[in-house]
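Inside the fold
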Amino acid sequence: SSSSSEWTCTPEGLRAEPNLGMVAMLIPHEGIGPWTDVGVDVPPVPAWHVGAKWQHVAEASGGQGAKAALRKLVVSNSYEIVAGESIAVPAGTYEAFRVQIVTAIDVEGDELHGHVLTATTTAWYAQDVGVVRLRTQSTIRTDRSSASESGPGGIQTQRTMSLTGFSSGSSR
């Protein structure tokens, strides 16, 4: 399967449009916006080294026409390069940085409020290629209690994606 994302190039690096994924089914988010962003998802190459850390936080508020059920939505991603290592995927073997990513989605609304998603992702980035493997584990809270209340509902997901083919596009 395939998916796509909207990206913005800034002087600080690349910034992805917030992707709500499965949470979008639970949150009435039509009409919310615009998004305000701090940080980036992919910093420039010179910033990449083991131990480097960065963050991207995107926030949107209920705009005109937004349903009253949602007043604020915050998507936070924290990144840390934890190792440089060799990784084998169907497309080949690459020298890559292993990046730990912690994602949280928090909402402020009438029916659903507090922390609704936690995800831990390990991504392997190879220079001049991009992501060659991505492994994500997430928990989506489906109950309507606040984050401080213990609720019955939750969806646990796991997925792994690997690069299956790559062509540099250069003619040699």
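Residues numbered from 1 in each chain as written. Predicted model: local features only at pLDDT ≥ 70, side-chain atom pairs only at ≥ 80, totals over all residues. Heavy atoms only, no water.

Here we look at the overall build of the protein
Counting its secondary structure elements, the protein contains zero helices and nine strands. In the protein, the succession of helices and strands from N to C terminus is β-β-β-β-β-β-β-β-β. Here the protein holds 172 residues, and 35% of them are scored as buried. On the protein, roughly 10100 Å² of surface is accessible, and the fraction owed to carbon and sulfur atoms is 51%. (Helix = DSSP H or I, 4+ residues; strand = E, 2+ residues; numbered from the N terminus. Buried < 20%, exposed > 50% of the residue type's maximum accessible area, 1.4 Å probe, protein only. Areas by Shrake-Rupley, 256 points an atom, 1.4 Å probe, with all protein chains shown as cover.)

Some thoughts on the environment of S5
Relative to the elements of secondary structure, S5 occurs in the segment before β1 (7–10). Along the chain, S5 and E17 lie 12 residues apart, while their C-alpha atoms are 6.7 Å from each other.

Here's the deal with the confidence of the model for the protein
Parts of the model with low pLDDT should not have their predicted coordinates read in detail. Confidence in the prediction for the protein averages 81 pLDDT; 74% of positions are at 70 or higher. Mean pLDDT in the protein bottoms out at strand β7 (residues 114–126), which sits at 87, and peaks at strand β5 (residues 70–89), which reaches 92. Below pLDDT 50 for its whole length, residues 145–151 participates in 10 contacts with residues either more than four positions away or in separate chains. (pLDDT = per-residue confidence, 0-100. Contact = heavy atoms within 4.5 Å.)

Some words on the packing of aromatic side chains
What describes a pair of aromatic rings is the distance from one ring centre to the other and the angle between the planes of the rings. Under the counting rule described, the total for this entry stands at four aromatic pairs. Plain terms: the ring middles of W48 and F97 are 5.9 Å apart, the flat faces sit at 40 degrees to each other, and that makes the pair tilted. Taken as a pair, W48 in the loop between β3 (36–39) and β4 (53–61) and F97 in strand β6 (residues 92–109) lie far apart in primary sequence, 49 residues in all. W48 sits in the buried class, given a relative accessible area of 14%. Take F97: its relative accessible area is 26%, and that puts it in the partly exposed class. Judged by centre distance (5.2 Å) and plane angle (10 degrees), the ring pair of W54 and Y79 falls under stacked. Linking W54 in strand β4 with Y79 in strand β5, this pair joins segments that are 25 residues apart in sequence. Of the residues examined, W54 reaches a relative accessible area of 12% and is grouped as buried. (Phe/Tyr/Trp six-rings, centres within 6.5 Å; stacked < 30°, edge-to-face > 60°.)

A word on the pattern of salt bridges
Going through the model one piece at a time under the given rule, you end up with two salt bridges. In this structure, R98 and E85 form a salt bridge, with 3.0 Å as the shortest nitrogen-oxygen distance. Within this pair, whereas R98 is found in strand β6, its partner E85 is found in strand β5, the two being separated by 13 residues in sequence. Using a relative accessible area of 24% as the deciding quantity, one classes E85 as partly exposed. (Salt bridge = Lys/Arg side-chain N within 4 Å of Asp/Glu carboxyl O.)

Side note on the environment of L163
Structurally, L163 is set in the segment after β9 (155–162). Between the C-alpha atom of L163 and that of A91, which follows or precedes it by 72 residues, the distance is 5.7 Å. In contact with L163, not counting residues within four places along its chain, are V89, P90, A91, Y94, V129, V131 and V132.

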